[in-house]
Amino acid sequence: MKYEMVAGFETHIELATNTKIFCSCTTEFGADSNTHCCPICIGLPGTLPKLNRQAVKYAIMAGLATNCEIANISKMDRKNYCYPDLPKAYQISQYDKPLCEHGYVQLSNGKKIRLTRIHIEEDAGKLIHKRGDTYIDYNRGGVPLIEIVSEPDIRSVEEAKEYVEKLQQIMRYIGISDCKMQEGSMRCDVNISVRPVGSEQLGTRTEIKNMNSITFIGKAMEYEFGRQVDLIESGGKVEQQTLRYDDVTNTTSSMRGKEDANDYRYFRDPDLVTISVTDEEIDELRAKIPELPFQKQERYVSEMGLNEKDAQNIAKYRKIAEFFETASKGIKNPKTAANFIIGQIFRRLETESDKEEFNIAVTAEQLRELIELLDSGKIRNNLAKSTLEKMLDTGKSFSEFISESDLAGMDENTLNELCKKAVEANPKAVADYRNGKQKALKSIVGFVMKESRGRADAAAAEAKILELIG
Amino acid sequence: MVTHEDVLAIARLSKLYISDEELDEMTKAMDDIIKFADTINNAAEEGVEFDNINNLSNAFREDEIVPSYDREEILKNANDIDEGHFLVRKRV
C-alpha cells in the first residue's frame, strides 16, 4: 500500500520587542544567567503582569501578513503545568480567544497552508541538565512569543521546508522577529501522521518537539514517516505521543510517558484585562506591512524582466531586495543590477545569515553609478566587474579605480591601429576565417579586447577587422 | 459532583500528595468551591457578557526597558543555587 504524509506545524517565534511581555526586563539574547530578571518574570507571588503594547502590535502584524482575521476582542489565559522552566507553574497564553485566526501561507505551487490561529504567550526559562541536577536561567522566561498553528495541510517534506522558510521570510520582512532558528528565536513542533493515499481520514499523530533547523525538520519528518509506515505495515498501531528528535542518530524517541497526559486546565488570567483592538488600529498596522517577498518576486519578473530564480534569490532577503531596487532605479535594464548582485556580491555572502545581514562595503547608489557608466558605453562589462570587486574590497566609489583615459573610451585611430595589429599577430586565425571558419573572427576580436584592457568597443572592433580581412 | 478520582488527578498534575485520610475532606471542599462558583450561572441574565464584566480593557505597558534586578537579589530566595543558576534536583 502507498502512504501519504499529513503534517501540521506549531511554530514559536520570539518577537523583537525591547522588553519582555509582562515586565520591563530586556529581551536581549546572550547575557549572563538570571541577569535579565525581576519579581514578575521569576513568578514571585503578589506581582502583577502588565501586557507589552508592542507585543500585541507585532502579533497583529504577523496575522495581517499571513491573511488572518484579527480579533477585536481577545484575552489572556493561564495554561497550567508544573515544570521548572515555568516559575509560576502556569504559562500565560491565549486559549479560546486568540488575536488572529483563519489565515494562510501560500506555497510556490499555489497551495495554501491554512493557519488555524496565531496567539501571544510568554516564553519559558532555559534548563540546563548537568551533573544530575537542573540549572535554571530565567532570562528567556517572559520573552514574548507568537505561536502560529497550522492546519494539517502539509503533505511532504518539501512543502514543510517551504512553509517554514516562507514564515521566516515574512516575519523578517515585517520586522517582528529575527527568526534565528540556531538561537531559538524560531522553533517548530511538527505534528505528523500517515494514511493510505486516497484516504480522507486522519491517522494517529505524533508530535516532534522543538525543532530548530530546517534541515533537521526534513530529516526528522522523513524518519518519523518511515517509522509510522513500518509500524502500520507490520500490523502495529501508531501511539499518540510527544517525540524528541536526535540529530546524531537521526531517530525520534518518546519524551514523556502516557501517564502525564496533557491537562492544562486553562482558565482566564484574572490579572490581565481584555485586549480590545479597533478596526482603525488594525488598518494602521496594515499600512505598516511592506511589500512581501513573494509579491516582490512577482514584480521583479513581470515588471523588471528578471528570471524566476534570480527574482526569488533577491526577494528572499529584505536588505538585498532594497539594495537591488535602489541600485536599479532608473536603469535601462534592471537585470544588470541583478547580475552584479548574484554574481559579484553573493560570492562574498556565503551563509544565509551573511545574506540576511548583508554587510557589504558598497552602497546601492555606488553600484548604480557603475551601471550607468556601463550602460553609457564608456566602460565594458569586464572592467565593470573588476571595478566592482575593488569597490567591494574598499568601499570606495568607481572613480577611484577607473581613470579618465578608461572613461574616454577609444578613439577611432587607436582602434584601427589595434585592429591592424590583431590581424598581423594572428595569421592563422585570419586564414581560418577566410577558409570559412566564422569562429576564428572571435579570437581576433578577443585579441583587440585584451590589448585594450576591455576599453575597445567589441562591435566596432569586429566591423573594423572584417573590413581589413573580409 | 467532584469525585475522589478528580481530586487525585488534579493533585497529581499539581505535584501534590494527598493522603487517604485527607481525600474525603478535600473532595468535599472542592465540591463546595465549584458549587459556590456555579451560583454565578444562576444569577446570569440573558445577554450579560461575563468575559469583560468590569469593562476594563487595554491596560498596556510601553516597550521601554527598566534595569533588571541584581542577580543576587533574584537568587536570594532559592533553596539551592550554583554558578548563577537556580538549581533543582533532576526530575525522573
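What counts, and where the lines are drawn
- Residues numbered from 1 in each chain as written.
- Chains lettered and ligands numbered in written order.
- Predicted model: local features only at pLDDT ≥ 70, side-chain atom pairs only at ≥ 80, totals over all residues.
- Buried ≥ 20, exposed ≤ 12 C-beta atoms within 10 Å, placed from the backbone.
- Helix = DSSP H or I, 4+ residues; strand = E, 2+ residues; numbered from the N terminus.
- Pairing = 2+ DSSP bridges.
- Right-handed = clockwise from strand over helix to strand, strands pointing away.
- pLDDT = per-residue confidence, 0-100.
- Core = buried A, V, L, I, M, F, W, Y, C linked by C-beta atoms within 7 Å.
- Contact = placed C-beta atoms within 7 Å.
- Expected span 1.5 Å × (residues − 1).
- Arc of directions from axis to C-beta.
- Axes fitted to C-alpha atoms, helices over the stretch in contact; angles between N-to-C directions.

Residue and element names in this part refer to chain A. In strand S14 (residues 242-246), alternate side chains face the same way, and those of Leu243 and Tyr245 are buried while those of Thr242, Arg244 and Asp246 on the opposite face are not. Bridging between strand S13 (residues 206-211) and S14 involves two bridges; their strand directions are parallel. Paired with isoleucine 208 across the two strands is leucine 243, which belongs to S14. At this point the chain moves from S13, through helix H3 (residues 214-233), to the parallel S14, and the crossover so formed is left-handed. Note: S14 against strand S15 (residues 251-254), four bridges, orientation antiparallel. By the bridge assignment, arginine 244 is partnered in S15 with serine 253. Adjacent in sequence and paired antiparallel, S14 and S15 are bridged by four residues, among which asparagine 250 carries a positive phi angle near 55 degrees.

Residues and elements named next belong to chain B. Mean pLDDT over chain B stands at 85; residues scoring 70 or higher make up 85%. Per-element confidence in chain B is highest for helix H3 (residues 71-75), whose mean pLDDT is 95, and lowest for helix H2 (residues 20-43), whose mean pLDDT is 88. For this predicted complex, the interface confidence score (ipTM) comes to 0.83, while the overall pTM stands at 0.81.

A few words on the nonpolar core. Across soluble globular proteins, you tend to see nonpolar side chains buried next to one another. A:Ala59 and A:Val190 are the most contacted members of the largest nonpolar core, which totals 73 residues. Among residues more than four places away in sequence, those in contact with A:Ala59 are A:Leu99, A:Cys100, A:Ile118, A:Ile120 and A:Ile146.

Take the sheet that holds strand S5 (residues 77-80) of chain A next. Residue and element names in this part refer to chain A. Strands sit in the order S6-S5-S16 across an open sheet of three strands; the sheet is antiparallel. Edge positions in the open sheet fall to strand S6 (90-93) and strand S16 (267-268), since each of these has one partner strand only. In the sheet, S5 pairs with S6 via four bridges, with the strands oriented antiparallel. In the sheet register, arginine 78 faces S6, and the bridge partner there is isoleucine 92.

Here we come to helix H16 (residues 458-469) of chain A. All names here are of chain A. The terminal C-alpha atoms of H16 lie 16 Å apart, and with 12 residues this matches the ideal 16 Å at 1.5 Å per residue to within 8%. By the burial criterion, the buried members of H16 are Ala461, Lys464 and Ile465. Taken end-on, H16 shows its buried residues confined to a sector of 100 degrees, consistent with a single buried face. Turned more than 90 degrees away from the buried face of H16 sit Ala459 and Glu467, all of them exposed. Packed against the buried residues of H16 are helix H13 (412-425) and helix H15 (439-451).

A separate point is the sheet that holds S15(A). All names here are of chain A. One open sheet accounts for nine strands, arranged S3-S7-S8-S11-S1-S12-S13-S14-S15; its pairing is mixed. In the strand order of this sheet, the two ends are held by strand S3 (69-70) and S15, each with one partner. As paired elements, strand S1 (residues 3-14) and strand S12 (residues 186-196) share 11 bridges and run antiparallel to each other. Counterpart to tyrosine 3 in the pairing with S12 is proline 196. Lying over the sheet, helix H1 (residues 53-65) contacts S3, strand S7 (100-106), strand S8 (112-122) and strand S11 (144-150), oriented at roughly 175 degrees with respect to S8. Contacts from helix H2 (residues 157-173) reach S1, S7, S8, S11 and S12 within the one sheet, and its direction differs from that of S1 by about 20 degrees.

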